[in-house]
Amino acid sequence: MHQKFKQEGFDDSFYKLAGEIARVIAINKDPSDQGLKSTEIQRKQVEELLDAEKKFKENILKYRQSTEVYKKFLQRVCIKNRNILSARPYFRETATSFSKNITPAIKDGNIEVLKTFDINYQFIRFIKDSWLGPFPKRADALYARVHRARNILIENNMPLAVNRAKLFYRKTPRSHLTLMDLIGICAMGLAAGIDKWCGTYSPVFRSVCIGRMVGNMIDSYSETLLHFYPSDKRILYKANSIRGRRGIEEMGSLADAVNNAFTEDAKEGKSIPKTKVKVGELNELMCAASTVSADSTVNDEGYGVYSYTQDPNVDIEKQFIQKEETSRILMYASKLPIIYKKILRLKGIKL
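The shown structure was predicted, so the numbers you read here are calculated from the model rather than taken from an experiment.

## Details of the packing of helix 2 (residues 13-28) against helix 10 (residues 179-196)
Phase 1 of the analysis: One way to put it is that helix 2 packs onto helix 10 with a least axis distance of 10 Å and a crossing angle of 35 degrees. The two elements helix 2 and helix 10 meet at a crossing, and its hand is left-handed. For the pair helix 2 and helix 10, the contacting residues are Ser13, Phe14 and Leu17 in the first and Leu179, Met180 and Ile183 in the second.
Phase 2 of the analysis: Residues belonging to the contact of helix 2 with helix 10 are distributed by class as follows: five nonpolar, one polar and no charged.

## Describing the packing of aromatic side chains
What characterises a pair of aromatic rings is the spacing of the ring centres plus the angle enclosed by the ring planes.
Phase 1 of the analysis: Under the criterion given, the structure shown has 16 aromatic pairs.
Phase 2 of the analysis: Seen from their ring centres, Phe73 and Phe126 are 5.7 Å apart, and the 70 degrees between their planes marks the pair as edge-to-face. Separated by 53 residues along the polypeptide, Phe73 in helix 4 (residues 65-80) and Phe126 in helix 7 (residues 121-130) bring together distant segments of the chain. No difference in accessibility class separates Phe73 from Phe126, as the two residues are buried.
Phase 3 of the analysis: Between Tyr90 and Phe126, the ring centres sit 6.4 Å apart and the planes meet at 80 degrees, which makes this aromatic pair edge-to-face. With Tyr90 in the loop between helix 4 and helix 5 (95-108) and Phe126 in helix 7, this residue pair connects regions lying 36 residues apart in the sequence. Note on accessibility: Tyr90 and Phe126 belong to one class, buried.
Phase 4 of the analysis: By the ring-pair criterion, three or more aromatic residues cluster together here, those being Tyr70, Phe73, Tyr90, Phe91, Phe123 and Phe126.
Phase 5 of the analysis: For the cation-ring pair, Lys128 lies above Tyr143, with the distance from its terminal atom to the ring centre recorded as 5.2 Å.

## Things to note about a nonpolar patch on the surface
Phase 1 of the analysis: On the surface, a cluster of nonpolar side chains totalling about 380 Å² of accessible area is made up of Leu336, Ile339, Tyr340 and Ile343.
Phase 2 of the analysis: Since its relative accessible area comes to 47%, Tyr340 is described here as partly exposed.

Rules and cut-offs
- Here, residues in each chain are numbered from 1, in the same order as that chain's written sequence.
- Local features in this predicted model are restricted to residues of pLDDT 70 or higher, and side-chain atom pairs are both shown and tallied only at a pLDDT of 80 or more, whereas totals for entire chains, interfaces and linings draw on every residue.
- Side-chain descriptors were evaluated using all non-hydrogen atoms of the structure, hydrogens and water having been removed beforehand.
- All axes here are fitted lines through C-alpha atoms, helices being fitted over the stretch that makes contact, and every angle between N-to-C directions spans 0 to 180 degrees.
- Runs of H or I in DSSP of at least four residues are treated as helices and runs of E of at least two as strands, each being numbered from the N terminus.
- Less than a right angle of anticlockwise turn of the near helix away from the far helix marks a crossing as left-handed, whereas a clockwise turn marks it as right-handed.
- In what follows, residue pairs with any heavy atoms lying within 4.5 Å of each other are defined as contacts.
- Under this grouping Gly is polar, as are all residues other than the nonpolar Ala, Val, Leu, Ile, Met, Phe, Trp, Tyr, Cys and Pro and the charged Asp, Glu, Lys and Arg.
- To pair, rings of Phe, Tyr and Trp, with the six-membered ring standing in for Trp, must have centres within 6.5 Å; the planes then decide the type, stacked if under 30 degrees apart, edge-to-face if over 60, and tilted in the middle.
- Burial status follows relative accessibility: with a 1.4 Å probe on protein chains alone, a residue under 20% of its type maximum counts as buried, one over 50% as exposed, and anything between as partly exposed.
- Charge over a ring is defined by NZ of Lys or CZ of Arg lying within 6 Å of the ring centre and within 35 degrees of the ring normal.
- The patch calculation keeps residues exceeding 30% relative accessible area without a salt bridge and links them within 9 Å when they carry like charges or within 5 Å when they are nonpolar (Val, Leu, Ile, Met, Phe, Trp, Tyr).
- To measure how exposed things are, a 1.4 Å probe is used in the Shrake-Rupley method; for residues, cover is taken only from the protein chains shown.
- We define a salt bridge as a side-chain nitrogen of Lys or Arg found within 4 Å of a carboxyl oxygen belonging to Asp or Glu.

Put into C-alpha cells, the structure is as follows:
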C-alpha cells in the first residue's frame, strides 16, 4: 500500500520523520540506563539539564563581562522589544515569580537582582552569542553539556509530540494546518515545556509538556485570516479548547460551557470578557475565524473540506475523485520539459 501511494505522488514525509525519530532515539540510548524505568530515565535527563544550566550560570557570573551581557539583555527587552513579557522565555521561573520578582527588577534595571534567578537554554545561548572575545573554555564546555542534555530530552520525547499532534488532527475538522504542521507546533511546545520546567523532577513534567503542546496547537488552530480583538481571540481559544476536549458542537451548549469556564477563570483572578458570550456572537466569531467551511466534517481521511455542501444534487464523491485526478495530472505536468509546459500554458492550463 505504501509503495502504491509513493508511485502516485503520496507525501511520505511523516514516515521519513518517524524513521528519523526512531534512529535518533536509538543513538541517544545510554547503556547505563538499562534496567531503569522510563520515568527514572527521564528524571536523570531532566536533572542533568538543570544541573548543567546551574553550573553554567555559576561559572559565567565569575567574569566581569557577564554584567555587560545582562545589560545587553535589558536593552533587548526594554528598548528593542519594548515588552517586558518578552523576557519570560529566558528564565526558568514560574509565571508568579516572573511577575512578582523579575518584572520589577527589569523595570528598575537591577542587574544584580536579575543574576539571582534561574536561566534556561534561551538565556545561555544569548550569553554565548553576546560574549565579546574568546568564550571561556569551562563555560563553553558547560554550554555544550546544556545543549546536548536539552536536545536529548526533546528528541527522546518526540514520539509524545507526534502522538499528540495525531490525536488533535483526528479530532478537529480539517483546517489550514496539516499533520506535519501540527507535529512542528508540538515540537515547539515540547521545547518550551522543557525550558520552563521549574523545581525538582516529578512525573508531572510530562503533563506540563503536553499542556504546552496542546496550548500551542489550539492557538495555531485558532489563527484567523481576519483581524480580531484580543478579547475575541480569547473567546475563540476557549471555545476551540472546550470543543476539542469535550466534543461539544451545538452552539448553545458550547456558549454555556465557555461562560462557565470564564466564571471559573474569574475566581482564579484571570482576565475574562466583560459580558457573557452569547450564542449568536460565538457562532459569528467561529464562522468568521474558520479558514474552511463551517460545515466541514471530522474524519480520519481528511476529506471533510469536500463535504461542505448541503445540496443533495451535488455528488461529493464524484467531486473528490475529480479533484484528485486534476491534482495528479497537474503534478505530472509540472515535471514535463519547458517547451511542453509553455504549450499547456498557451492552452490556458495553469501549472
